[in-house]
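Take a look at the letters that make up each chain.
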Amino acid sequence: QVQLVESGGGLVQAGGSLRLSCAASGSTYQISAMGWYRQAPEKQREAVATRTSAGTTNYADSVKGRFTISLDNAKNTVYLQMNNLKPEDTGVYYCAAHPQFGTNYWGQGTQVTVSS
């Protein structure tokens with residue numbers, strides 16, 4: 001089992017920045033990738049940024065150049081640095097851990113609201 005605890009959401013004006021954190025604990029050795037996903041009201045959950053254990057990153061086109069995913073191995077914590085935020089970035093952001101085998105693990109979600 002892997003437990004994920006997110007933090008760092010909040011309310012920010014357009015053009016501002018936030019950093020989300022996701023601390024992983026438990027059987028973290030089985031994680032092959034981690035990612036951030038978001039769900040806006042009345043929309044499906046979408047992938048925002050992912051990072052494999054080898055360091056390969058992928059970003060949604062809508063956040064490229066603005067968001068950065070990073071990992072602190074010593075703290076088992078993955079971050080999402082979000083710059084130049086836009087109102088369309090508003091949503092609940094979820095951290096996920098993808099094991100090589102088995103079901104993905106999800107955090108509880110943290111709200112990000114960007115005002116115009």
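Caption draft 1: A look at the state of the cysteines. The tally for this structure, following the rule as stated, stands at one disulfide. Covalently, C22 is tied to C95 through a disulfide, its sulfur atoms 2.1 Å apart. Between C22 and C95, the S-S torsion sits near -75°, and that sign places the bridge as left-handed. Placement of C22 in strand 3 (residues 18-26) and of C95 in strand 9 (residues 91-99) is noted, with a sequence separation of 73 residues between them. Each member of the pair C22 and C95 is classed as buried.

Caption draft 2: The side chain of R51, seen in detail. Locating R51 in the fold gives a position in strand 5 (residues 46-52). Of the side chains bearing the opposite charge, D72 lies closest to the buried R51, which forms no salt bridge; the N-O distance is 10 Å. What R51 contacts, discounting residues up to four positions off in sequence, is A33, M34, T56, T57, I69, S70 and L71.

Caption draft 3: Representation of the side chain of S21 within the structure. You can see S21 is positioned in strand 3. Leave out the neighbours within four places in its chain, and S21 touches V5, E6, S7, W36, T77, V78 and Y79.

The rules we used
- Position numbers for residues count from 1 along each chain, tracking the sequence in the order it is written.
- Reporting of local features is limited, given that this is a predicted model, to residues whose pLDDT is at least 70; pairs of side-chain atoms are given and counted only at 80 or more, and all residues count toward the totals for whole chains, interfaces and linings.
- To get the side-chain values, all heavy atoms of the structure are used, and hydrogens and water are removed first.
- Pairs of cysteine sulfur atoms within 2.5 Å are what we label disulfides.
- Helix and strand definitions follow DSSP, with helices as H or I runs of at least four residues and strands as E runs of at least two, each counted in order from the N terminus.
- Accessible area is worked out with a 1.4 Å probe on protein chains only. A residue is then buried under 20% of its type maximum, exposed over 50%, and partly exposed in between.
- Positive residues here are Lys and Arg, negative ones are Asp and Glu, while His and the chain termini are left out of the count.
- Every case where a carboxyl oxygen of Asp or Glu lies within 4 Å of a side-chain nitrogen of Lys or Arg is listed as a salt bridge.
- Whether two residues are in contact is decided by their heavy atoms, any of which lying within 4.5 Å being enough.

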